[in-house]
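Single-letter residue listing:
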Amino acid sequence: MTTASDTEPAPPLVLTPYLFLLPAMLVTLAVVLWPVAETVWMSLHNFILFKPRNVPFIGLGNFWRLLHDEVFWLSLGHSLVWISLVVGLQFLLGLATALLLNQSFWWRSLARSLVIIPWALPSVIIGLTWTWMYDYNVGVLNDVFLRFGLIDKPVAWLAQPNSAFFSIVVALIWQGFPFFAVTILAGLQTISAELYEAADIDGATRFQRLRFITLPAIADVIATALLLRTIWVANSLDVILVMTGGGPGYSTYTLPLYAFLKAYSGMEFGYGSALAIMLTLLLLLVVFIYVRRAARELDQ
Amino acid sequence: MMDRRSPLQRLFELHLPLLVIVLFALGPYVWMMMTSIKTNTDIGAWPVRYWPQAFTSEHYHALLERTSFGGNLVNSFIIATGACMLGLSVSLPAAYAFSRYRFRGRRLLMTQFLVINMFPIVLIIIPLFVLMRNIGLLDTFIGIILGHSTFAVPFSIWMLTSYMNAIPKDLDEAARIDGATTLEVLRLIILPVIMPGLVTTGIYIFVTSWNEYLFAMMLSGQNVRTVTVALQLFIGEFSVQWGLLTAAGTLIALPVTLLFLLVQKRLVSGLTSGAVKS
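None of these values were measured; they are calculated from a predicted model.

Rules used throughout
- Residues numbered from 1 in each chain as written.
- Chains lettered and ligands numbered in written order.
- Predicted model: local features only at pLDDT ≥ 70, side-chain atom pairs only at ≥ 80, totals over all residues.
- Helix = DSSP H or I, 4+ residues; strand = E, 2+ residues; numbered from the N terminus.
- Rg over C-alpha atoms; globule rule 2.2 N^0.38 Å.
- Buried ≥ 20, exposed ≤ 12 C-beta atoms within 10 Å, placed from the backbone.
- Contact = placed C-beta atoms within 7 Å.
- Nonpolar A, V, L, I, M, F, W, Y, C, P; charged D, E, K, R; others polar.
- pLDDT = per-residue confidence, 0-100.
- Domains from an automatic or database assignment.
- Core = buried A, V, L, I, M, F, W, Y, C linked by C-beta atoms within 7 Å.
- Expected span 1.5 Å × (residues − 1).
- Bend = angle between axes of the 7 residues up to and from the residue.

**Q** Teacher, can you tell me more about the overall build of chain A here?
**A** Along its length, chain A carries 14 helices and 0 strands. Mapped in sequence order, the helices and strands of chain A form the string α-α-α-α-α-α-α-α-α-α-α-α-α-α. Against the 2.2 N^0.38 benchmark of 19 Å for 300 residues, chain A shows a C-alpha radius of gyration of 24 Å, more extended than a compact globule. Principal axes of the C-alpha set define a box for chain A whose edges measure 75 × 75 × 30 Å. For chain A, with 300 residues in total, the buried portion stands at 44%. Sequence separation of at least 24 residues holds for 70% of the intrachain contacts in chain A that already meet a minimum separation of 6.

Below, the structure is given as structure tokens:
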């Protein structure tokens, strides 16, 4: 990449910017970089919290164990389905919302504010309200579905392996689609009206306008939002933890949840660390693509 | 853009679908708040009683009088404020360096702050727990605030750099010609202009920290329990007392929703400034 600073002589080594960066660097070093190095160290040891004096080095033993761990493969599979369903549907619903909000009508600014609300809520609340709505005995969803004849008897949504997974997916879609909606809306608002006027003169249909003007113009925004969201969803475990804790059985285990539970409930910090590193390695490609796109901003 | 659709067409293609989406977005939230002001009889009624026979504030009284929730609210407020202060105070100078200086390692350091924001929490939280335990910061305000700075610092640096880049450099230079020092430029020129961005970033950190669950759960115990951790414990403890649980949920959600609505426009423009540059 050619930048302005490449063509100019190398900047003199002044201390000021480094001094300004020092506090942020120190905090980051203490709470992020050091812990990550620790995780790598722990992943190479058989580190169990209540046996602090007996931490044998086992090399890649934890990773070897992981390859033969059925729950790991199960969680990985769930994670892949989970990411594609949640991100994909969040995106489609977000895109539809953005296209609707990009038109002019009298309650537009109200609608925009209301749609954003799920984004502001903590995962514990998302878990709570959806668990309450999915309730078997007096839950509102069973009531609504019964009234509309979609089911003939109440369903224990979160207690059955098949429905539990998809019930959480719905809750996560609810939480995340406002992000797509507002991001894509911001992109839509940068498209110049002249493009649409020209298309009108050429007699383009509304579908053609969407296909040949709108979507190409926001392709960049969409790509960035998709990458960012994929990383977030892949890392997120708190809503699942709150709603089912991974159960029933292993039916709602995802990779980050498994890593967390191994360390938190199982006290197997070594193995949990190996799982966390595995997740990071698998995500690295997505992070790399995102960072390269975002880094284009650095040289302005 | 001209809209040649008839009012009926607009009703079916715009107003109704959007109304459905708004109801979907709002429904669970409103349902939680509604439940919190219903009596236990109305909550336990089947088929579901949508409009209750009477409204009550008993669950809020029970929550604040019989449980430690009031104290949890104070803890969360202290932690979120602390995370906000720590995040902004170390990020403001860092953002100034990134925006106004060209120096060796700039690109690497900026990328680093971007990448650590993408790290899975599980990668950091396990050793952070061990670290905090070893230096005796488990179950303290400082410990959780430091835990929250793992996301607050990188996020603020990116937001503030992006807001700062929008301030013309001529302003700094004019002040320098008048003899201002670097710190004076930062304090007298940049700070007033960036104030709205600073407030937006601060509120976002506050909301994220207030909402955060995993760090708060791992790093806290009896002393500094936050609202999210407390609510999760209540779910186990008062499993069928939905009135009490939704009252707690409402008290947690209401302030952050209002804060979020207050800054949402500027927040989105900051978050998307990289992606949506024409």
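So, next bit.
**Q** How do you make sense of the overall build of chain B when you look at a structure like this?
**A** Broken down by element type, chain B carries 12 helices and 0 strands. Reading the secondary structure of chain B in the N-to-C direction produces α-α-α-α-α-α-α-α-α-α-α-α. In terms of overall dimensions, chain B is more spread out than a globule: its C-alpha atoms have a radius of gyration of 23 Å, far above the 19 Å expected for 278 residues. The dimensions of chain B, computed from C-alpha atoms along their principal axes, are 75 × 70 × 35 Å.

**Q** Help me understand the interface of chain B and chain A in this model?
**A** For interface size, the figure often reported is the accessible area lost on association. Taken together, the contact between chain B and chain A spans 82 residues of the former and 78 residues of the latter. Within the residue set of the side of chain B that touches chain A, elements represented by two or more residues are α1 (7-36), α4 (69-100), α5 (106-116), α6 (121-134), α7 (141-165), α9 (182-211), α11 (227-237) and α12 (242-271) of chain B. Here the side of chain B that touches chain A is composed, by residue class, of 59 nonpolar, 20 polar and 3 charged.

**Q** How do you make sense of the confidence of the model for chain B when you look at a structure like this?
**A** Close inspection of predicted coordinates is inappropriate for parts of the model with low pLDDT. Residue and element names in this part refer to chain B. With 96% of its residues at a pLDDT of at least 70, chain B reaches an overall mean of 87. Confidence drops under a pLDDT of 50 for residues 274-278, and excluding neighbours within four residues, the segment shows 11 contacts in the predicted structure. Prediction confidence for the complex, expressed as pTM and ipTM, is 0.88 and 0.87 respectively.

**Q** Any chance you could explain the environment of L99 of chain A here in plain terms?
**A** With respect to the helices and strands, L99 of chain A occurs in helix α4 (residues 70-101). Separated by 82 residues in sequence, L99 of chain A and A181 of chain A have C-alpha atoms that sit 8.5 Å apart.

**Q** Even after reading the chapter, I still don't get the domain arrangement of chain B, so can you show me in this structure?
**A** All names here are of chain B. Parsing chain B into structural domains produces domain 1 (7-58) and domain 2 (67-271). Between the C-alpha centres of domain 1 and domain 2 there is a distance of 33 Å. Between domain 1 and domain 2, the residue contacts involve 7 residues of the former and 6 residues of the latter. Put simply, the parts of the chain that give the side of domain 1 that touches domain 2 at least two residues each are α1 and α2 (40-43). For the side of domain 1 that touches domain 2, the element with the most residues is α1, which contributes 4 residues. Of the residues assigned to the side of domain 1 that touches domain 2, the class counts are 3 nonpolar, 3 polar and 1 charged.

**Q** Quick question: what am I supposed to make of the nonpolar core here?
**A** Side chains of a nonpolar character, in soluble globular proteins, are inclined to be buried together. Counting 168 residues, the largest nonpolar core has L275 of chain A together with I125 of chain B as its most contacted members. Counting residues per element, this core draws most heavily on helix α9 (residues 161-188) of chain A, which supplies 15 residues. Here this core spans two domains, since at least three of its residues come from each of domain 1 (7-58) and domain 2 (67-271) of chain B. Apart from residues lying up to four places away in sequence, L275 of chain A is in contact with L66, F72, L255, Y258, A259 and K262 of chain A.

**Q** Whenever I open this one, the confidence of the model for chain A confuses me. Can you help?
**A** Residues and elements named next belong to chain A. Overall, the predicted model of chain A reaches an average pLDDT of 85, with 94% of residues at or above 70. At the level of individual helices and strands, chain A shows its lowest average pLDDT in helix α1 (residues 4-7), which scores 46, and its highest in α4, which scores 93. Across residues 1-7, confidence stays below pLDDT 50; counting only partners more than four residues off in sequence or on other chains, it has 3 contacts.

**Q** Quick question: what am I supposed to make of α9 of chain B here?
**A** Each turn of an α-helix holds 3.6 residues, which means side chains three or four residues apart point in the same direction. Here α9 of chain B is 30 residues long, yet its end C-alpha atoms lie only 37 Å apart, well below the 44 Å a rise of 1.5 Å per residue gives. A maximum bend of about 60° is found in α9 of chain B at M195 of chain B, where proline P196 of chain B lies one to four positions downstream.

**Q** Is there a simple way to think about unusual backbone geometry in this case?
**A** Residue and element names in this part refer to chain B. The peptide bond linking W46 to P47 adopts the cis configuration, its omega dihedral lying at 0°. Inspection of the secondary structure puts P47 in the loop between α2 and α3 (58-66). Positive phi, normally seen in glycine, also occurs at D139, with a value near 60°. Within the fold, D139 resides in the loop between α6 and α7.

**Q** Looking at this structure, I do not really get the environment of F151 of chain B. What am I missing?
**A** Residue and element names in this part refer to chain B. Here F151 is to be found in helix α7. Classification of F151 by C-beta neighbours within 10 Å gives buried; the count is 23. For F151, the residues in contact, after removing those within four places along its chain, are N117 and T208.

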